Amino acid sequence: MAKIIIIEDTETIREELRTFLTKYGYETVAPTNFQNIVDYTLREEPDLILLDINLPVFDGYYICREIRKSSDVPIIVVTSRDNEMDELMSMNLGADDFVTKPYNTQVLLARITSILRRVHGVKTQDLITYNDLKFNLSNGSIIYKGISSELTKNEIKILSCLIKNKGKIVSRDDLMDFMWNSDSFVDDNNLSVNVTRLRKKLEEVGMKENIETRRGLGYILP
Amino acid sequence: MKLKDYFKDRTLFLLINFMLFAIMCSIMLLIDIRVNIIILIFCIWFLPVFSYMITEFIKQKNFYNEVTNIMDDLDKKYLLSEIIKEPEFIEGKLLYDLLKHANRDMHEHVKKYRDMESEYREYIETWVHEIKTPIASARLIIENNQNEVTKNINYEIKKVEEYIEQVLYYARSNNVSKDYVIKEVSLNTLVRNVIKRNSRDFISKRISIDIEAVEGTVYGDVKWLEFILNQVIGNSIKYIREKDGMVKVYSVKNENNVVLTIEDNGIGIIDNDINRVFEKGFTGENGRRFGKSTGIGLYLCKKLSDQLGLGLNLTSIIGEGTKVCIIFPLGKVNLMS
């Protein structure tokens, strides 16, 4: 489990970010005292640091520079200052990425994952399992008890969204929004067609649990 | 300055001279002085007077001509007193000093307002950054507590963010150069990002989108371009027809520019309003009917486009839709690559 240190002075953000990242399977540490923040951080040996710029005692740039003197731990700078100078300065001081507030949490999560993957060289398979179904996100194949099938780009997105929210109804609008935000600008009809095809493929591999339609509400994977 | 006007200005002086001479003349006639002598006295009297007046006239005329010429050539007219030579005649000197004094005072006055303005702008920028923290907190709280209610709050918060962004860009619109970084921008990525930002509205209003024909790259600042495009697309969404709404975005590469067109099949704009849509605070017929307009969005777009050197024009047919073209000029350097 990767360990993330959140260096952030706004209490609400600090706590909510902890809850959020814990939910996604990270171990989080969030110091509340900024006096010896550099030593503290180095002692904790985190896998990644989320660093705010406007901090009491020392500002983020200083902390970034000090940490870089003795550690190569990935640092993501998170700040509400959004001009190019700040970004440039952060990068020059050795930060790995720069995210501006108010950030999209999914974007933040994606960046954390990608940096961790790059730094630790772990080839994650991007494998999701749902009951007996193995779903490989990187090549879009599904395997159910030995029988496999290939999914198209849109079907991958629909299935991954439904598996993420398994047991919950996902409204058509939410599903479409999820797809739009990953660059598939599908319309209403397109979505129906894709869902129907996906359902058929799941049927073909012999999966018992299939996507159910809840009239007027949306889709659900039980 | 004309000679006639100059003499007209000195009518009183001349009149007194003539009256005095006339009195003397009549006295001289009474004591039987010869006409020749009277003419001689006339010459002795008036020749110096006229020659003096004429040299004065030439001096003044030269001075004022110079001042007028400088004034015509001058870019910033208020700098006049800094540029003209100090005149040699007394009235000129007096006026020159007064002008300088007034000028100095005006500069101080202008400076005061300039300081006030920049102070205000700085405050707005700080404020915008400050308000982002509570917004980020709110977004995280929503993220951790997802349900119908928070989803709706999230939607509203997104709108708040848009308005805040508008404030920031409004404050910055007077000096774009302060944070402006020119990079190669892919039009496709730009358009996709803006569509994604508005995905909720597109989906809930069932607006179909066609961005197949967007391609190529332009040179500009991503943030500013995104802001302009977001305003334009935001308008398309706002004024879309109720059924079968469609927004089409495409780019055309010409010899010396790239034109990005955003076309919708919304309610359109009436002819009377179309020329005024870029005016500040202008809301027009649609603003009155739908009451969602502040008259700032397009005004800002135009202002920013002008500063970024982009063309922005809008055509519309009432009941059929609106078409906005953003024209990116291509310089020689760009064309070579």
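Residues numbered from 1 in each chain as written. Chains lettered and ligands numbered in written order. Predicted model: local features only at pLDDT ≥ 70, side-chain atom pairs only at ≥ 80, totals over all residues.

Caption draft 1: Geometry of the overall build of chain B. Looking only at helices and strands, chain B has 13 helices and seven strands in total. Rg of the C-alpha trace for chain B: 35 Å, well past the compact-globule value of 20 Å for 337 residues, more than 25% over. With the C-alpha coordinates of chain B rotated into their principal frame, the extents come out at 120 × 50 × 40 Å. A burial count over chain B gives 18% of its 337 residues as buried. Summarising the internal contacts of chain B: among those between residues at least 6 apart in sequence, 67% fall at separations of at least 24. (Helix = DSSP H or I, 4+ residues; strand = E, 2+ residues; numbered from the N terminus. Rg over C-alpha atoms; globule rule 2.2 N^0.38 Å. Buried ≥ 20, exposed ≤ 12 C-beta atoms within 10 Å, placed from the backbone. Contact = placed C-beta atoms within 7 Å.)

Caption draft 2: Structural view of the nonpolar core. Judged by nonpolar contacts, the single largest core of 56 residues is most densely connected at L175(A), M176(A), V191(B), I228(B), L229(B) and V232(B). No other element matches the seven residues that helix α9 (residues 222-238) of chain B contributes to this core. The residues contacting L229(B), other than those within four sequence positions of it, are L190(B), V191(B) and V194(B). (Core = buried A, V, L, I, M, F, W, Y, C linked by C-beta atoms within 7 Å.)

Caption draft 3: Summary view of the interface of chain B and chain A. Of the residues lining the interface, 24 residues belong to chain B; the matching set on chain A comes to 24 residues. Broken down by element, the residue count for the side of chain B that touches chain A peaks at eleven residues, all from helix α5 (residues 90-144) of chain B. Grouping the constituent residues of the side of chain B that touches chain A by class yields eight nonpolar, seven polar and nine charged. (Nonpolar A, V, L, I, M, F, W, Y, C, P; charged D, E, K, R; others polar.)

Caption draft 4: Structural context of the environment of A30(A). Residue and element names in this part refer to chain A. Here A30 is to be found in the loop between β2 (27-29) and α2 (37-44). According to the C-beta neighbour criterion, A30 is partly exposed, with 17 such atoms within 10 Å. Each C-alpha atom, one on A30 and one on K145, is 43 Å from the other, the two residues being 115 residues apart in sequence. Not counting residues within four places of it along the chain, the set of residues in contact with A30 comprises I6, R14 and R18.

Caption draft 5: Layout of the sheet that holds strand β6 (residues 311-317) of chain B. Residue and element names in this part refer to chain B. The strand order β2-β4-β5-β7-β6 describes an open sheet built from five strands, whose pairing is mixed. Two strands bound the open sheet, and with one partner strand each, they are β2 (208-210) and β6. Across the sheet, the axes of successive neighbouring strands diverge by a mean angle of 15°, strand direction being ignored. Pairing of strand β5 (residues 257-264) with strand β7 (residues 321-329) involves eight bridges; the strand directions are antiparallel. Directly across from L260, in β7, lies its bridge partner I326. (Pairing = 2+ DSSP bridges. Axes fitted to C-alpha atoms, helices over the stretch in contact; angles between N-to-C directions.)

Caption draft 6: The domain arrangement of chain A, seen in detail. Annotation of chain A at the domain level lists domain 1 (3-120) and domain 2 (127-220). If you average the C-alpha positions of domain 1 of chain A and of domain 2 of chain A, the two centres end up 34 Å apart. (Domains from an automatic or database assignment.)

Caption draft 7: Inspection of the UniProt feature "modified residue: 4-aspartylphosphate" (unreviewed entry) in chain A at higher detail. Residue and element names in this part refer to chain A. UniProt feature "modified residue: 4-aspartylphosphate" (unreviewed entry): in the numbering of this structure it lies at D52. Relative to the helices and strands, D52 is located in strand β3 (residues 48-52). On the neighbour-count criterion, D52 (21 C-beta atoms within 10 Å) is buried. Filtering out sequence-adjacent residues up to four positions away, D52 remains in contact with I7, E8, D9, G60, V78 and T79. (UniProt positions renumbered as here; feature names shortened; annotations may be inferred.)

Caption draft 8: The packing of helix α6 (residues 153-164) of chain A against helix α7 (residues 172-180) of chain A, seen in detail. All names here are of chain A. Relative orientation of the contacting elements α6 and α7 amounts to 125°, with a least axis distance of 10 Å. Judged by the angle between their axes, α6 and α7 are oblique. Along this stretch, α6 crosses α7, giving a crossing that reads as right-handed. Residue-level inspection shows N154, K157, I158 and C161 of α6 in contact with α7, the latter providing L175, F178 and M179. (Parallel < 35°, antiparallel > 145°, perpendicular 65-115°, else oblique. Left-handed = near helix turned anticlockwise from the far one by under 90°.)

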